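The residues making up each chain are set out below.
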Amino acid sequence: MASVTTSLIQGICLFAVGINWAKVALGISSVAASGGSSLIHSDPVRYGLRYLSAILATATLWVIWNGWRLSNSSAARWRKVPLTSREKWNIGVGIASSILSWALIIAEVFAHQKMHPR
């Protein structure tokens with residue numbers, strides 16, 4: 001049972017790291033494609049990308065928080081091992097990219113209202 005739980009937690013962490021790379025690729029392709037395309041800049045596409053990015057950033061933060069919460073629970077204290085530097089780096093990158101995603105979402109909302117008032 002413990003090995004299944006551990007593999008499930010590792011799978012969730014791998015999923016979270018994969019989400020970060022997907023967000024980066026989505027952001028870069030959005031910036032590259034929005035240069036001259038009115039379809040990419042249309043409201044339905046913009047809102048869809050904004051909400052997808054917000055959901056993925058929130059999911060990443062939730063997975064990191066839940067992993068931290070589970071590893072620090074009283075039931076897990078006997079099997080707790082220190083994180084490796086690579087694991088700490090992955091967690092830091094996940095948190096930083098999620099916070100950056102949220103900052104860019106908020107900046108886009110305000111910047112778009114200033115540049116394109118209705």
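Residues numbered from 1 in each chain as written. Predicted model: local features only at pLDDT ≥ 70, side-chain atom pairs only at ≥ 80, totals over all residues. Heavy atoms only, no water.

### Some words on the overall build of the chain
Thought 1: Across its full length, the chain carries three helices and zero strands.
Thought 2: When the elements of the chain are put in sequence order from the N terminus, they spell out α-α-α.
Thought 3: The proportion of buried residues among the 118 residues of the chain is 19%.
Thought 4: A separation threshold of at least 6 residues defines the contact pool for the chain, and within that pool the share at least 24 residues apart is 80%.
Thought 5: With the model as given, the accessible surface of the chain reaches about 8700 Å², and the carbon-plus-sulfur share is 74%. (Helix = DSSP H or I, 4+ residues; strand = E, 2+ residues; numbered from the N terminus. Buried < 20%, exposed > 50% of the residue type's maximum accessible area, 1.4 Å probe, protein only. Contact = heavy atoms within 4.5 Å. Areas by Shrake-Rupley, 256 points an atom, 1.4 Å probe, with all protein chains shown as cover.)

### Some words on the environment of Gly-67
Thought 1: Its place among the elements puts Gly-67 in helix H2 (residues 43-71).
Thought 2: Along the backbone, Gly-67 and Ile-12 are 55 residues apart, and their C-alpha atoms lie at a distance of 8.8 Å.

### So, the pattern of salt bridges
Thought 1: The tally for this structure, following the rule as stated, stands at two salt bridges.
Thought 2: Across the pair Glu-108 and Arg-46 runs a salt bridge, and its minimum N-O distance is 2.8 Å. Of the two residues, Glu-108 sits in helix H3 (residues 85-115) while Arg-46 sits in helix H2, which places them 62 residues apart along the sequence.
Thought 3: Ionic pairing is found between Arg-50 and Glu-108, a salt bridge with its closest N-O pair at 3.0 Å. Highlighted residues: Arg-50 in helix H2 and Glu-108 in helix H3, separated in sequence by 58 residues.
Thought 4: When its relative accessible area of 15% is taken as the criterion, Arg-50 is described as buried.
Thought 5: Residues participating in the shared-partner salt-bridge network are Arg-46, Arg-50 and Glu-108. (Salt bridge = Lys/Arg side-chain N within 4 Å of Asp/Glu carboxyl O.)

### Some remarks on the confidence of the model for the chain
Thought 1: For the chain, the average pLDDT comes to 80, and 72% of its residues sit at 70 or higher.
Thought 2: Of all the helices and strands in the chain, helix H1 (residues 2-33) carries the lowest mean pLDDT, 68, while H3 carries the highest, 90. (pLDDT = per-residue confidence, 0-100.)

### Quick look at the side chain of His-112
Thought 1: Following the sequence through the fold, His-112 ends up in helix H3.
Thought 2: A distance of 3.3 Å separates polar atoms of two side chains, one belonging to His-112 and the other to Arg-46. (Polar contact = N/O pair within 3.5 Å; in protein donor to acceptor, adjacent residues only side chain to side chain.)

### Focus on a nonpolar patch on the surface
Thought 1: On the surface, a nonpolar cluster with roughly 310 Å² of combined accessible area is contributed by Leu-83, Ile-91, Ile-95 and Ile-99.
Thought 2: Structurally, Ile-95 is set in helix H3.
Thought 3: Given a relative accessible area of 33%, Ile-95 falls into the partly exposed group. (Patch = residues over 30% accessible without salt bridge, like charges linked within 9 Å, V, L, I, M, F, W, Y side chains within 5 Å.)

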